[in-house]
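# Architecture at a glance
Below, each chain spelled out in residue letters.
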Amino acid sequence: MTDNAKPSERYTRGMATRRSVLGDAHVDRASANATPFDQPFQTLITESAWGTVWSGTHWTKRERSMVTIALLAALGQDDEVAMHVRATANTGATEEDIREALMHVAIYAGVPAANHAFKIAKLALAERQVNNSQTEETK
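The structure contained in this document is the topic of the report that follows. (Residues numbered from 1 in each chain as written. Predicted model: local features only at pLDDT ≥ 70, side-chain atom pairs only at ≥ 80, totals over all residues. Heavy atoms only, no water.)

## What about the pattern of salt bridges?
Any two side chains of opposite charge can pair, given that their charged atoms come close. Counting across every chain of the model gives 7 salt bridges. For Asp-24, the salt bridge identified is with Arg-19, shortest N-O distance 3.1 Å. The partner of Arg-99 in a salt bridge is Glu-100, with the nearest N and O atoms 3.9 Å apart. On the basis of relative accessible area, Glu-100 is assigned to the partly exposed category, the value being 43%. A single salt-bridge network, built from bridges that share partners, covers Arg-19, Asp-24 and Asp-28. (Salt bridge = Lys/Arg side-chain N within 4 Å of Asp/Glu carboxyl O. Buried < 20%, exposed > 50% of the residue type's maximum accessible area, 1.4 Å probe, protein only.)

Structure, rendered in structure tokens:
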């Protein structure tokens, strides 16, 4: 959002949902990296993806995670797959849920897409495990 514009209700709701799913650190980084060139895009995804779709009440965040991971894997969106796999720590989707979503990708979008997504998910889950272990050690 621009400094002088009041955020819309959808933007405010979207930012809260985005933070709850992706975490404050990720959203703070994305916000800090926004420029005048891409700020309108950031506002668009905050309002539409996070303020409307992810803030809907019909599906849980867990269900949305599984569908999102499957769709991103089918589309070959590697960075987004990794980000949403990491976000499952906040949505309640389990490793088993991720595996089942990727099994559906294999059948409905192709084995190569699922194979690649499994590699990405394994790395993201291992990274999350290391980060969790390091956090526990510093407590």
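## Focus: the packing of helix α5 (residues 78-91) against helix α7 (residues 111-137)
Two measures define how a pair of helices packs: the angle their axes make with one another and the distance between the axes. Here α5 crosses α7 at 45°, and the two axes come no closer than 9 Å. When the axes of α5 and α7 are compared, the pair comes out oblique. Like other packed secondary-structure pairs, α5 and α7 cross with a definite hand, here right-handed. Across the interface between the two elements, Asp-78, Val-81, Ala-82, Val-85, Arg-86, Thr-88 and Ala-89 from α5 touch His-116, Ile-120, Ala-121, Ala-124, Leu-125, Glu-127 and Arg-128 from α7. In terms of residue class, the contact of α5 with α7 is built from 8 nonpolar, 2 polar and 4 charged. (Axes fitted to C-alpha atoms, helices over the stretch in contact; angles between N-to-C directions. Helix = DSSP H or I, 4+ residues; strand = E, 2+ residues; numbered from the N terminus. Parallel < 35°, antiparallel > 145°, perpendicular 65-115°, else oblique. Left-handed = near helix turned anticlockwise from the far one by under 90°. Contact = heavy atoms within 4.5 Å. Nonpolar A, V, L, I, M, F, W, Y, C, P; charged D, E, K, R; others polar.)

## Some remarks on a nonpolar patch on the surface
Judged by side-chain polarity, Trp-59, Val-67 and Leu-71 come together as a nonpolar surface patch covering roughly 270 Å² of accessible area. Here Val-67 is to be found in helix α4 (residues 61-75). For Val-67, a relative accessible area of 32% translates into the label partly exposed. (Patch = residues over 30% accessible without salt bridge, like charges linked within 9 Å, V, L, I, M, F, W, Y side chains within 5 Å. Areas by Shrake-Rupley, 256 points an atom, 1.4 Å probe, with all protein chains shown as cover.)

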